[in-house]
Amino acid sequence: MSADGPGAVSADRIGTSGSIYDLGYQRYRGQRLGRAYAFRSLYLHGLAASFGIGRSTRSKVIPIGLFAIALVPALIELGVTALAGEALRPVRLDNYFSLVGTVMVLFGAAVAPELGSRDQRHHVLSLYFSRALERRDYAVARLAALLTAMLAIALIPEFVLYLGTALVRSDPVSYLSNNADQPGLILGSGIVVALQVTGVALAIASLTPRRAYATGGIVAYWFIADGLGSLIASITPPPTAAASQFTSWTHDAVLLSPSLVGDGAVRWFFGTAPEDALARADLAGWVYVLAALVYAAIGIAVVLRRFHRIAA
Amino acid sequence: MAEPSRPPFDPSTAPLAAVHAARWYGNVVAVNDVTFAVGPGVTGLLGPNGAGKSTLLNMLAGLLAPSSGAVLVEGQPAREHPAIYRHVALAPERDAAYGFLTGREFALLSARLARLPDPEAAARRAIALVDMEEAADRPIAGYSKGMRQRVKLGAALVHDPRILLLDEPFNGMDPRQRLHMMTLLDGMAREGRVILFSSHILEEVERLAQQVLVMVAGRLAAAGDYRAIRRLMTDRPHTFTLRTSDDRAIAARLLTEDAVLGVQIANGGLDVRAADYGSFTRLVARVAASAGVSLYELRPTDETLESVFSYLVAG
Amino acid sequence: MGRNGVFRQLFVLTMRQALGRRRAVIAVLAGAIPVLVAVIYRLVSGEDPQGWSADLLNGIVVTTLLPLVALIFGTSVLGGEIEDGTIVYLLVRPVPRREIVAAKILVAATTTTVIVGVSAAVALLVSLPGSAGYGLVVASVVGIAWGALIYATIAVVLSLFTTHALIVGLIYVYLWEGVIAGLFAGTRLASVHQYVLGVAAALDPIQPSALPAHLSLAGSVGLGALVAGAATVLAVWRLAGFEVAERP
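In this structure, what is going on with the pattern of salt bridges? I would like to understand it.
If charged atoms from side chains of opposite charge come close, those side chains can pair. Residues and elements named next belong to chain A. Counted by the stated rule, this structure contains 28 salt bridges over all chains. The salt bridge partner of Arg267 is Asp94, with a shortest N-O separation of 3.8 Å. With Arg267 in helix H10 (residues 258-270) and Asp94 in the loop between helix H2 (57-84) and helix H3 (96-116), the pair connects residues that are 173 residues apart, well separated along the chain. With a relative accessible area of 6%, Arg267 lands in the buried category.

Below is the structure:
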């Protein structure tokens, strides 16, 4: 505040002449921090918003609740292993995605609209684009924020399971050294599936300003494509004269199912044999990794293009 | 804690009444212990943005429950008696509309929901009332802000209500439409209807309202005829313009009086600031007579609603 | 112009809201997918039509399409009016709140039944030709109508309590019905999915065992009616005390 405070330019309030009161408004004279700082701010703000941080308690319930649900299988597995030994291993690192993939998609359906639709709904994109930030920066910051949140859901439960399994053992050090490749595999597979869910979710969210449409669209795409892919893949043509013809192009429809693609990619990382529909499809494991990355790339391209073109 | 005082009116007979009504959201108080009654005629609900005008209107209309106290429409809380909407109308401030309906369809829907015996006729009348016949058969989605506002008002009035609660009714209208709506409301008030409308535009309220309720930061700062309110503000000097046969002579005399705070000779007259309204008017006559000066004109200059309002809002 | 007049107004208004927007087009496109799969099945294989048709019905129509369409319509019929602020125009009229709730639920249930029911019927007639298909078509459409009503009621009541009604409903469907009910048999008592399957399996004269139903017809009808009834009462109570959003 300047030395002569508000009201210093006082005048007779009742007089007919005009008067201007100094309310202490000032110009910003500090350093302007530029594009990189704006990008970082937008990224961190988006990440916080993903978990409802800085919003009301009601906004935190769903994202943090979903994150907690993603941890449940790991905690159950650790509890069972601690009490009963490891005869049964229903929850493993290589099938963790098939258990919590639904949670990741619901998380994306809950959060991606906050990041991708909300600013369109409130017509505030122009406020961002008129700053040091470029359109692409905005899109990338949104993608990076959702990806980071998604990685937290994909990676933290698996690391809890991995480290917890070591701690339950009598000799954690030898377990960790025998399984030294696991952290890398968790990281690699987690990044692939998180990229896939993030790309798809934010692409759909960026196409509509309405949160309900975005949420519905994300869930509709994911689960209808899942049903479509599994059902087509379940069709096997009747054995013909060439009895050896057991495989069919229909089996490759697993690639339409985003869940099965993610599952196949994770199994390729951990080197475990595919089951059911994936076994029938008999595709090389890297094909699923490639497919997951292609879905992610399409999603990212849609997001970049949308925010490049949108009128703001 | 002291017992809340009884209101100086009978809330069971007043068309609109609030008795120690308050509404808060978490720890934000939107309306703070408000007591008033509104009778027939036009009453302006005045206050800066965020003063709690919409909250108060929504409470009266039964769309918000008071956190404490009571709001009554014809002696009943609207929230528990939807039947009261046969006689009550609300035009909300928010610019919401069924964009896919035409103006006429919206009026007709409103008439049917109001359970009117001849909804078609009522809808026609409402459309004519707000001068919307030309655009009535186009979807509301394509309307301008002023047209949406008029259709909203027309639909609100479709059931010929006794009590009208209008939240910023002239928003977005051009001056001609504004004038038309004011004439309309004025006519309805003369028929004995109860009209409470909010505005932060003083000129609107001044032209239309006989009574005002002034809200500042959630509290009722003043209620009644605004000229009477002004006279109650004894801590504020009153200003008058005087035209006399000898301005300088009377100026010198007036300056010797305690009740006169300042005198200024302006072009063609004398501007006087006085401590009190009543005593000054008596004083000026006495002074003029003793000085042998003729008074041509004595006019209070800050009895406009604007000056009343600015005093109240500035505290 | 009596009570039925007002109800009809609300029903027609809501129907125009529901069908006037893009989501109706998307819902219809989604409904085309089971038909597409059935066509592929007929072209490629055609083996074990009864077993595969049951998989089709359970695998995509009842588990995914029905709850999704019902929740999208159910959360928007009233939730859209709340979001847009138009709900005020209904509330300041002398209309019993139960008529508003009933009209909204019925529109959501009707549109869902038509979209998902037609989708299921056409898909099943393709995958299960001949008279064998008719029984399953009738059984599944009745089951879908029952499920649409229950899901729509749940969706309407959710939309009166939270602006995140759709995601809450989807979490219930895909985590509770999809994952938890598969692990813990007891939770099937509280699964709308099972009420649908219970009705459809009981009415299918040909092969009632092809659907993974765990509840009897009486159980599916009784529990479903209990859920829908309780949700309707709750919705009417909530709407009667509804407060317009004042602060953003």
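What follows continues from the structure just given.
Sorry, what's going on with unusual backbone geometry here?
Negative phi is the rule for most residues except glycine; trans is the rule for most peptide bonds. With a phi angle near 50°, Asp33 of chain B is a residue other than glycine that sits in the positive phi range. Counting through the fold element by element, Asp33 of chain B comes out in strand E2 (residues 28-38). In this structure, Asp48 of chain C takes a positive phi of about 45° despite not being glycine. Mapped onto the elements of the fold, Asp48 of chain C is located in the loop between helix H2 (22-44) and helix H3 (49-77).

What is the right way to read the interface of chain B and chain C from this model?
Often, the extent of an interface is quoted as the loss of accessible area on bringing the components together. Between chain B and chain C, the contact holds 36 residues from the first and 33 residues from the second. Between chain B and chain C, the buried area comes to about 3100 Å², and carbon and sulfur atoms account for 59% of it. Taken as a group, Tyr98, Leu113 and Arg115 of chain B account for 24% of the area that chain B buries against chain C, more than any other trio of residues on that side. Run the count over chain B and chain C and you get two salt bridges. A salt bridge links Glu105 of chain B to Arg16 of chain C; the shortest N-O distance between them is 3.3 Å. Along the contact surface separating chain B from chain C lie 15 residue pairs in polar contact (both at pLDDT 80 or more). Going through the elements one at a time, strand E1 (16-25), helix H1 (53-60), helix H2 (103-113) and helix H4 (145-156) of chain B are the ones with two or more residues in the side of chain B that touches chain C. With six residues, the single largest contributor to the side of chain B that touches chain C is H2 of chain B.

What is the right way to look at the side chain of Thr86 of chain C in this model?
If you trace the backbone, Thr86 of chain C turns up in the loop between helix H4 (79-84) and helix H5 (87-91). Taking relative accessible area as the criterion, Thr86 of chain C reaches 2% and is therefore assigned buried. Setting aside residues up to four positions removed in sequence, Thr86 of chain C forms contacts with Ala96, Ala97 and Tyr98 of chain B together with Glu81 of chain C.

What should I look at first to understand the packing of H2 of chain C against H3 of chain C in this one?
Between two packed helices, both the angle of their axes relative to each other and the distance between the axes serve to describe the pair. Residues and elements named next belong to chain C. One way to put it is that H2 packs onto H3 with a least axis distance of 11 Å and a crossing angle of 175°. As the angle between them shows, H2 and H3 are arranged roughly antiparallel. Residue-level contacts link Arg23, Ala24, Ala27, Ala30, Gly31, Ile33, Pro34, Val37, Ala38 and Tyr41 of H2 to Pro49, Trp52, Leu56, Ile60, Val61, Leu65, Ile72, Phe73 and Ser76 of H3. Tallied by class, residues from the contact of H2 with H3 come to 16 nonpolar, two polar and one charged.

Is there a simple way to think about empty space enclosed by the protein in this case?
Rolled over the atoms, a probe with the dimensions of a water molecule shows which regions are left empty. Counted according to the given criterion, the structure contains three cavities of 30 Å³ or more. In terms of lining, the second largest cavity is formed by Leu90, Ala91, Pro92, Phe106, Ser110, Lys152, Ala155 and Ala156 of chain B together with Tyr89, Val92 and Arg93 of chain C. Sorting the residues of the lining of the second largest cavity by element identifies strand E5 (88-91), H2 and H4 of chain B as the ones contributing at least two each. Among the elements that take part in the lining of the second largest cavity, H4 of chain B stands out by supplying three residues, more than any other. Split into classes, the residues belonging to the lining of the second largest cavity amount to eight nonpolar, one polar and two charged.

How should the layout of surface pockets be read in this particular structure?
Roughly 1500 Å³ of internal volume is contained in the second largest pocket. Contributing to the lining of the second largest pocket are 43 residues, with Ser98, Thr102, Asp226 and Ser230 of chain A together with Gly178 of chain C lying nearest its centre. Sorting elements by how many residues they give to the lining of the second largest pocket places helix H8 (residues 165-183) of chain C first, with eight residues. By residue class, the composition of the lining of the second largest pocket is 15 nonpolar, 19 polar and nine charged.

Calculation criteria
- The residue numbers shown here count from 1 along each chain, following its written sequence.
- The naming scheme follows written order: chains are lettered A onward, ligands numbered 1 onward.
- At least 70 in pLDDT is required for a residue's local features to be given in this predicted model, at least 80 for side-chain atom pairs to be given and counted, and no such filter applies to totals for whole chains, interfaces and linings, which use all residues.
- The basis for every side-chain value is the complete set of heavy atoms in the structure, and neither hydrogens nor water enter the calculation.
- Put simply, a salt bridge is a Lys or Arg side-chain nitrogen that is within 4 Å of an Asp or Glu carboxyl oxygen.
- A run of DSSP states H or I qualifies as a helix once it reaches four residues; a run of E qualifies as a strand once it reaches two. Both are numbered from the N-terminal end.
- Remark: exposure states derive from per-residue accessible area (1.4 Å probe, protein chains only) relative to the maximum for the residue type, with buried under 20%, exposed over 50%, and partly exposed in between.
- It only takes one pair of heavy atoms within 4.5 Å for two residues to be counted as in contact.
- Throughout, buried area stands for the accessible area (probe radius 1.4 Å) lost by two parts on being put together, summed over both.
- Whenever two N or O atoms come within 3.5 Å, that pair is a polar contact, provided that in protein one can donate a hydrogen and the other can accept it, and provided that, for residues adjacent in sequence, both atoms are side-chain atoms.
- Lines are fitted to the C-alpha atoms to define the axes, a helix being fitted only along its stretch in contact, and any angle between axes, read from their N-to-C directions, falls within 0 to 180 degrees.
- Just so you know how the angles are binned, under 35 degrees is roughly parallel, over 145 roughly antiparallel, 65 to 115 roughly perpendicular, and the rest oblique.
- Amino acid classes used here: Ala, Val, Leu, Ile, Met, Phe, Trp, Tyr, Cys and Pro are nonpolar; Asp, Glu, Lys and Arg are charged; the rest, including Gly, are polar.
- Two kinds of site are reported from a 1 Å grid over the protein atoms alone, namely cavities, where a 1.4 Å probe fits but cannot get out, and pockets, open sets with protein on both sides within 12 Å along at least five of seven lines, and residues are called lining when an atom falls within 4 Å of a point.
- Grid points are joined across faces, edges and corners, and a volume is the space filled by probe spheres set on the points.

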